[in-house]
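Structural overview
Each chain, written out:
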Amino acid sequence: MANTMQLETLRRIVQEVDASPSLHEALDVMVDQVAQAMNVEVCSIYLLDERNHRYILMASHGLRPESVGNVSLDISEGLVGLVGQREEIVNLENASKHERFIYLPETGEEIYNSFLGVPVMYRRKVMGVLVIQNKESHDFSEAAESFLVTLCAQLSGAIAHAHAAGNIEIFRKSTSGPSYQLYQGVAGADGIALGRAVILYPAADLSAIPDREAEDISEELVLLNNAVAAVRGDIKNLDAKMQDSLMSEERALFSVFLRMLDDTALPAEISTMIRDGHWAQGAVRRVIEKHVNIFAQMEDDYLRERVSDLKDLGRRILAYLQTADTSHKEITEDTILIGEEISTAALVEMPIHNISAIVTTEGAANSHMVIVARALGIPTVVGVTELPIHTLDDAEIIVDAYQGRVFLHPPRRLRTRYKEIKKEEEQIAKDLKQYETKSAITPDGHTLPLFVNTGLMIDVVRGVQRGAKGVGLYRSEIPFMLRERFPGEEEQRLIYRQQLSHFANKPVVMRTLDIGADKDLPYFSIDEENSALGWRGIRFTLDHPEIFSSQIRAMLKASIGLNNLHILLPMVTSVSELEEVLYLLDRDLAAVQEEEQVKINKPKIGIMIEVPSVLYQINEFAELVDFFSVGSNDLIQYLLAVDRNNPRVASVYSHFHPAIIRALTRLIQECHKFDKPVSICGEMAGNPLTAILLMAMGFNTLSMSSSNILRVRKAICHVPLSDAKRLLDEALVIDNPLIIKSMLEHYFRTHGLADMVKSTRVVSV
Ligand code: PEP
Ligand code: MG
């Protein structure tokens, strides 16, 4: 096949598979299409049934149809097993001569000599094996190998999805496996929750609309008719408005839209679906998706490009339906909030006391929303990419956020076990209460002050209650996220005053606005290709000195009479940025003193160490600042070049990475050489295992979510500094993050701190 042909064929097969309504149809389409495109006599797909450790023949073009679904091989059997074990291609001229060949009479495959097997891999795991065979003995070409490898890589996500949804069991009617479904994601904020799903979907986002049963079919039909009529009206108006500025051919789109909206066209299909029991929004999504898939497969470029028009039309109808929709699910007690992505702003607007857990298909453990969820004590699992979100409305769910697991329709046995674990959790929380009034002093007398990270008032209240020695990081962007516009100076002053006065006589480190990347303001979205490396933190505020100054002025005014304000600058990369800030700060300080006619103590100034460039400029920065604070969440992201929000690379992101441990150890020595205190306010500080290492490195303070203070304090009260130093020395010569982690876990388990190690609460299923 020529390259362009290959690409075109690949694209077509992937689209057809994606458009198939079920796994079985998708696999049937796949084997037929591959056999045809590659001109081979047999194409089969075997999927791994993990529970039974067998490969099942799920679809075949060429083998006897009756063998499909009935033939299976042990995980280590046959050539299929060999491909799976080796996790690589097996290309044989004469398969029956190979020692691993197993004769399966039901398939009739004995007449086929050549064999090419390719593993279907998803996230480093073998999901199945795709096989092509021919009667004639010959090696398959390298082009054939790479075509199948590419195809399998593209289809592995869809197969993993179906796999996770239990379709393999459904296919094998004889299998009597458990009826619940288990989805794996990334552990975000610890905890266990049992409850019912409520789907949170962004307005007018067609793809995020869940399937839901219509409560009242005739009402849904009326809603649809009204929405369609409104969209028709809009399009006619647009057409009239554009008459002078667009040529008639360019306005042809409007008549296409109107034809699609004709009573006999899309609305008729949507109505049928509503009559079948779907609510109007779900019916719109389904019908539009169906047509999008058909259009996407068309050879004609013009028609293929109509996909975006179709989607646009769908969004327009949806927008009207959503305005009229009063049926938003209520967030009642024990709600498990589920969404593709849930923003911090959307979360904090909710009745938080009713949310027992959060699950998202996107995102990773250190995203901003997760940090806030952790502060609120809401168990959270993110990056559950396979979760069939559209079908979950009101489903019964268990969230095990220690292991990043989500159980759908859990059986009684599992519910009982998790209820027990929840009870144990409550007991552990009760035991930890005694640490509220203790100081973090090691058995050999080393004191390490613990500070709290804040953003919401609840963090302040919990921080005070749990004996925080001050605020180590006030994320000032959080109140900005809760508004519909940038808050004014006086509005900000009142918010900051609350934070400062709750910790009167204790230091409060206020970070200036840190937006950009995953911290979007609802009213100021920054849309960038590579946002983690883009316009964020101090880069944004220096470009908007008016926003920066109003914040600094508000902070200064809020500190009058309290004098506990420290200012921290996020995402600093170069000394020149700091110099600019210092200039603005002096100017604002003079102006505020003049206006208020009071003397205001100049706040201590610090920078976050988040950008690796700072590691190499500590001497220059030390001359200009009073303190440093390590933002390990971002520093790890940049040192390891791993997106902190991308679930695909979540396993690369590690607090235990040797490079991180070594970089921090050297950094502390450098900061102390210049006599500057250094704190750490990233999530690393709130994990008892890493907190011990950070203590050994010599951090002056640790700052963390209020939900972690007691656990970290308990660990410090039990681990002598001398032991911590020994553990650090050991960690510094280990080259593998997992070994460093298990070395620390082993120490905790054998020194009476087993309850601090997450995996002790693992439930095996
Ligand atoms: C960090 O990067 O570690 C940090 C504390 O900042 P944030 O998580 O708000 O980006
Ligand atoms: Mg940061």
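Residues numbered from 1 in each chain as written. Chains lettered and ligands numbered in written order. Predicted model: local features only at pLDDT ≥ 70, side-chain atom pairs only at ≥ 80, totals over all residues. Heavy atoms only, no water.

**Observations regarding the overall build of the protein**
Scanning the protein from terminus to terminus reveals 26 helices and 22 strands. Overall, the C-alpha framework of the protein stretches about 90 × 75 × 50 Å when taken along its three principal axes. Out of the 765 residues belonging to the protein, those deemed buried represent 55%. Total accessible area on the protein stands at roughly 32,600 Å², and carbon and sulfur atoms take up 50% of it. Measuring between centres, the 77 positive side-chain charges of the protein sit 7 Å from its 105 negative side-chain charges. (Helix = DSSP H or I, 4+ residues; strand = E, 2+ residues; numbered from the N terminus. Buried < 20%, exposed > 50% of the residue type's maximum accessible area, 1.4 Å probe, protein only. Areas by Shrake-Rupley, 256 points an atom, 1.4 Å probe, with all protein chains shown as cover. Lys, Arg positive; Asp, Glu negative; His and termini not counted. Charge placed at Lys NZ, Arg CZ, Asp CG, Glu CD.)

**Comments concerning the coordination of the magnesium ion (ligand 2)**
Within the first shell, the magnesium ion (ligand 2) binds the protein through Glu610 (OE) and Asp634 (OD), at distances of 2.0 Å. On the criterion of sequence distance, the pair formed by Glu610 in the loop between strand E19 (604-609) and helix H20 (618-624) and Asp634 in helix H21 (residues 632-639) is long-range, its members being 24 residues apart. For the pair Glu610 and Asp634, a shared accessibility class is recorded, and that class is buried. (Donors = N, O, S within 2.8 Å, 3.2 Å for Na, K, Ca; no water.)

**Side note on the sheet that holds strand E2 (residues 54-61)**
Within a sheet, adjacent strands bond to each other through the backbone by hydrogen bonds, running parallel or antiparallel. Taken in spatial order, the 6 strands line up as E3-E2-E1-E6-E5-E4 in an open sheet, and their pairing is antiparallel. Edge strands, defined here as strands with exactly one partner in the open sheet, are strand E3 (72-74) and strand E4 (90-92). Each strand axis lies, on average, 20 degrees off the axis of its neighbour in the sheet, ignoring direction. Where strand E1 (residues 42-49) and strand E6 (residues 125-134) come together, 6 bridges link them in antiparallel fashion. (Pairing = 2+ DSSP bridges. Axes fitted to C-alpha atoms, helices over the stretch in contact; angles between N-to-C directions.)

**Re the site of ligand 1**
Neighbouring ligand 1 are 15 residues; Arg475, Arg511, Lys519, Asn633 and Arg644 lie closest to it. Separating an oxygen atom of ligand 1 from a backbone N or O atom of Ser632 is a distance of 3.0 Å. In the model, an oxygen atom of ligand 1 is placed 3.0 Å from a nitrogen or oxygen of the Asp634 main chain. A total of 290 Å² of accessible area belongs to ligand 1 in isolation, and the protein chains cover 100% of it. Of all the elements, H21 adds the most residues to the shell around ligand 1, at 3 residues. Tallied by class, residues from the shell around ligand 1 come to 4 nonpolar, 4 polar and 7 charged. (Near = heavy atom within 4 Å. Polar contact = N/O pair within 3.5 Å; in protein donor to acceptor, adjacent residues only side chain to side chain. Nonpolar A, V, L, I, M, F, W, Y, C, P; charged D, E, K, R; others polar.)

**With respect to the nonpolar core**
Residues Leu569, Phe628, Leu664, Phe699 and Leu702 are the most contacted members of the largest nonpolar core, which totals 106 residues. Dropping the residues within four chain positions of it, Phe628 is found in contact with Ile607, Ile609, Ile618, Phe621, Ala622, Cys671, Lys676, Pro677, Val678 and Ser679. Ala26, Val40, Met58 and Leu130 belong to the second-largest nonpolar core, a separate cluster that totals 35 residues. (Core = buried A, V, L, I, M, F, W, Y, C linked by side-chain atoms within 4.5 Å. Contact = heavy atoms within 4.5 Å.)

**Topic: the state of the cysteines**
In this structure the tally under the stated criterion is 0 disulfides. Take Cys671: it sits in no disulfide, and the sulfur closest to it among the cysteines is that of Cys681, at 13 Å. Among the residues examined, Cys671 registers a relative accessible area of 0% and is labelled buried. (Disulfide = S-S within 2.5 Å.)

**Topic: the packing of aromatic side chains**
Under the defined criterion, the tally for this structure stands at 8 aromatic pairs. Arranged with centres 6.3 Å apart and planes meeting at 45 degrees, the rings of Phe524 and Trp535 form a pair that is tilted. One end of the pair, Phe524, is in the loop between strand E17 (508-511) and helix H17 (538-543); the other, Trp535, is in the loop between E17 and H17, with 11 residues separating them in the sequence. You can call Phe524 partly exposed: its relative accessible area is 22%. One aromatic cluster in this structure is built from Phe480, Phe486, Phe524, Trp535 and Phe540. Residue placement shows Arg212 over the ring face of Trp279; its charged tip is 4.2 Å from the ring centre. (Phe/Tyr/Trp six-rings, centres within 6.5 Å; stacked < 30°, edge-to-face > 60°. Lys NZ or Arg CZ within 6 Å of the ring centre and 35° of its normal.)

**So, the pattern of salt bridges**
In total, this model carries 32 salt bridges according to the counting rule given. Note that Asp211 is salt-bridged to Arg285, the shortest N-O span being 3.4 Å. Remark: Arg285 occurs in helix H9 (residues 280-296) and Asp211 occurs in the loop between strand E9 (192-199) and helix H6 (217-241); sequence separation between them is 74 residues. Relative accessible area serves as the criterion here: at 16%, Asp211 is assigned to the buried category. According to the relative accessible area criterion, Arg285 is buried, its value standing at 4%. (Salt bridge = Lys/Arg side-chain N within 4 Å of Asp/Glu carboxyl O.)

**A word on the side chain of Ser356**
With respect to the helices, strands and loops of the structure, Ser356 is situated in strand E11 (residues 355-360). Take Ser356: its relative accessible area is 16%, and that puts it in the buried class. Excluding residues within four positions of it along the chain, Ser356 makes contact with Ala193, Leu194, Asp334, Thr335, Ile336, Ile378 and Pro379.

**Observations concerning empty space enclosed by the protein**
Here the idea is plain: a probe the size of a water molecule rolls over the atoms and shows the empty space left. Under the counting rule described, the total for this entry stands at 4 cavities of 30 Å³ or more. There is about 110 Å³ of room inside the largest cavity. Lining of the largest cavity is provided by Tyr46, Leu73, Gly78, Leu79, Val80, Phe101, Ile102, Leu104, Glu109, Phe115, Val131 and Gln133. At the level of secondary structure, the elements contributing two or more residues to the lining of the largest cavity comprise helix H3 (78-86) and E6. Per element, the largest residue contribution to the lining of the largest cavity is 3 residues, and it comes from H3. Taken together, the residues of the lining of the largest cavity break down into 9 nonpolar, 2 polar and 1 charged. (1 Å grid on protein atoms, 1.4 Å probe; cavity = no way out; pocket = protein on both sides within 12 Å on 5 of 7 lines; lining within 4 Å. Points joined across faces, edges and corners; volume = space filled by probe spheres on them.)

**Digging into the sheet that holds strand E21 (residues 678-680)**
Judged by pairing direction, the barrel is parallel, and its 8 strands sit side by side in the order E15-E16-E17-E18-E19-E20-E21-E22 before closing back on the first. Put simply, the sheet's adjacent strands are angled 25 degrees from each other on average, direction ignored. Across 4 bridges, strand E15 (residues 450-454) lies against strand E22 (residues 701-705) in parallel orientation. Residue pairing in the sheet places Phe451 in a bridge with Ser703 of E22. Against the sheet, helix H22 (residues 658-673) engages E19, strand E20 (627-630) and E21, with an angle of about 150 degrees to E21.

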